[in-house]
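Results of the structural survey
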Amino acid sequence: MFTFFRCCILPAIKLYWLGFRVLLGQLLSKTFKLPDMPKQEGKVAIVTGGGKGIGFEVTLHLAGLGAHVIIGGRDEQQGLDAIARIREVYREAKVEFQTLDLGSLQSVRHFVQSFKKRHLPLNILVNNAGIMLAPEGRTEDGFEKHFGVNYLGHFLLTWLLLDNLKQSGTSDCFSRVVNVSSSAHCIGDLKLSDLNSCEYYSAHAAYCRSKLALLLFSLQLQRVLRAGGAPVSSCAVDPGMVHTALYQHMWAPLRLAQGVIAQLLFWTPKEGAATVLYTSLSPALEGGRAEDYWANGRRQMTSPVTSDPQLQLSLWETSMQLLGLQ
Ligand SMILES: NC(=O)c1ccc[n+]([C@@H]2O[C@H](COP(=O)([O-])OP(=O)(O)OC[C@H]3O[C@@H](n4cnc5c(N)ncnc54)[C@H](OP(=O)(O)O)[C@@H]3O)[C@@H](O)[C@H]2O)c1
């Protein structure tokens, strides 16, 4: 009984309490407005989950600046609708859809293979796609869904694209990896021996864990890139509490209340996209300064556990093993 409370009820209470505090913070602070960003003609970006929500706004803005944007998503119709909406605004937009299911390692590999065949540069990779509070389930490869989609799929995608990112970056124009995490990472609990939540399943804990893992990955990647002197930066971003479909799996009565509150008080997807775009594009962060953890347009301190280099390394090594990478 106590274990059930600790593993299932407590994470839910912690997440809703955190949500309340974050929302209060958003209401009391000034929302970051994205300054004008330079044109991006000749640049290529990949945005996972770019067909809706925050990812759509990121894609729209990048395409508006002239970047060639590839939306990686699992729902082709959603991707095509997004392209049509973008072309209504920017008729010449260079935007396309390519199938990518982050819950399937094979799909991630196919996506990368077809991208590599085209010999395009890769200047910006936005690891944005995500699920939250999904019912208990496994990815095609047997990983807990949140862990598999939000974290492991993006780990593999980034790892396989690293050469492209390195080749496309220069000392005065770094390629950028932007990992869309969440403030929920700070209540995440990462047990390396049970990354797949086999002992107890809590959708709340699973989401927070996946976002903590993505942040740890981002920081470890930053360390690896720096050590190797590669012209690529890596950072993590909390987009804030944003009115999107991410909340669709909430318990129905809560979902109803959340819908009303979100309509009135959450940020819009465009506002949520602002910091993601800033870290992806800002000339002020050139030369490898698009690093660390960002929220509401500013670099932020985060929970002490995330700056533990041993934990970052252990998670990295465990993930490499899980993914069968050298
Ligand atoms: N909204 C917030 O308040 C909030 C707060 C903190 C962090 N975030 C983070 O922001 C990111 C974007 O979320 P959002 O709010 O824009 O949610 P959203 O509107 O639900 O968008 C999520 C996107 O991810 C895609 N996706 C889900 N599973 C996928 C898979 N297996 N393979 C490929 N794509 C997949 C979705 O496609 P389908 O439609 O096919 O599922 C959708 O395009 C997420 O990482 C989320 O955790 C959001």
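Residues numbered from 1 in each chain as written. Predicted model: local features only at pLDDT ≥ 70, side-chain atom pairs only at ≥ 80, totals over all residues.

With that out of the way, let us pick up the site of the ligand. Taken together, 30 residues surround the ligand, and among them G49, G53, A129, G130 and T244 come closest. Ranked by residues supplied to the shell around the ligand, first place goes to helix 2 (residues 53-64) with three residues. Of the residues in the shell around the ligand, the class split is 13 nonpolar, twelve polar and five charged. (Near = placed C-beta within 6 Å. Helix = DSSP H or I, 4+ residues; strand = E, 2+ residues; numbered from the N terminus. Nonpolar A, V, L, I, M, F, W, Y, C, P; charged D, E, K, R; others polar.)

A few words on the pairing of strand 5 (residues 175-180). Counting buried positions over the six residues of strand 5 gives six, a clear majority of the element. Across the two faces of strand 5 the burial is the same, with S175, V177 and N179 and R176, V178 and V180 all buried. Summarising the sheet, strand 4 (residues 124-127) and strand 5 pair through four bridges and their orientation is parallel. Its bridge partner lying in strand 5, N127 is registered against N179. Following the chain from strand 4 across helix 5 (residues 145-168) to the adjacent parallel strand 5, one finds a crossover that is right-handed. The sheet contact formed by strand 5 and strand 6 (residues 232-238) spans six bridges and is parallel. Pairing of R176 across the sheet is with S233, part of strand 6. In this fold, the crossover linking strand 5 to strand 6 by way of helix 6 (residues 203-227) has right-handed handedness. (Buried ≥ 20, exposed ≤ 12 C-beta atoms within 10 Å, placed from the backbone. Pairing = 2+ DSSP bridges. Right-handed = clockwise from strand over helix to strand, strands pointing away.)

Further remarks concern helix 7 (residues 252-265). With 14 residues, helix 7 extends 19 Å between its outermost C-alpha atoms, agreeing within 8% with the 20 Å of an ideal straight helix rising 1.5 Å per residue. The buried fraction of helix 7 amounts to zero of the 14 residues, a small share that puts the element mostly on the outside. (Expected span 1.5 Å × (residues − 1).)

Viewed as axis vectors pointing N to C, helix 2 and helix 8 (residues 269-281) meet at an angle of 60°, and their least axial separation amounts to 8 Å. Between helix 2 and helix 8 lies a crossing whose hand is right-handed. For the pair helix 2 and helix 8, contact is made by G53, I54, F56, E57, V58 and H61 and by P269, K270, G272, A273, V276 and L277, respectively. (Axes fitted to C-alpha atoms, helices over the stretch in contact; angles between N-to-C directions. Left-handed = near helix turned anticlockwise from the far one by under 90°. Contact = placed C-beta atoms within 7 Å.)

A few words now on the environment of G49. Tracing the backbone through its elements, the reader meets G49 in the loop between strand 1 (44-48) and helix 2. Of the residues examined, G49 has 29 C-beta atoms within 10 Å and is grouped as buried. Through-space distance from the C-alpha of G49 to that of I71 is 6.7 Å; in sequence the pair is 22 residues apart. Every residue in contact with G49, bar those within four places of it in the chain, is listed here: G55, G73, N128, A129 and G130.

Attention now moves to the packing of helix 4 (residues 105-117) against helix 5. Across the interface, helix 4 lies against helix 5 with an axial gap of 9 Å and an inter-helix angle of 20°. As summarised for this structure, helix 4 and helix 5 are arranged roughly parallel, according to the angle between their axes. Here helix 4 runs over helix 5; the crossing is right-handed. Residues L105, V108, R109, V112 and K116 of helix 4 pack against G153, L156, L157, L160, L161 and N164 of helix 5. Classifying every residue of the contact of helix 4 with helix 5 gives seven nonpolar, two polar and two charged. (Parallel < 35°, antiparallel > 145°, perpendicular 65-115°, else oblique.)

Most of strand 2 (residues 68-73) sits out of view: six of its six residues are buried. On strand 2, burial covers both faces: H68, I70 and G72 on one face and V69, I71 and G73 on the other are all buried. On the question of chirality, the crossover connecting strand 1 to the parallel strand 2 by way of helix 2 is right-handed. Pairing of strand 2 with strand 3 (residues 94-99) involves six bridges; the strand directions are parallel. Along strand 3, the bridge assignment pairs G72 with Q98. Tracing the backbone out of strand 2, into helix 3 (residues 76-89) and back to the parallel element strand 3 gives a crossover that is right-handed.

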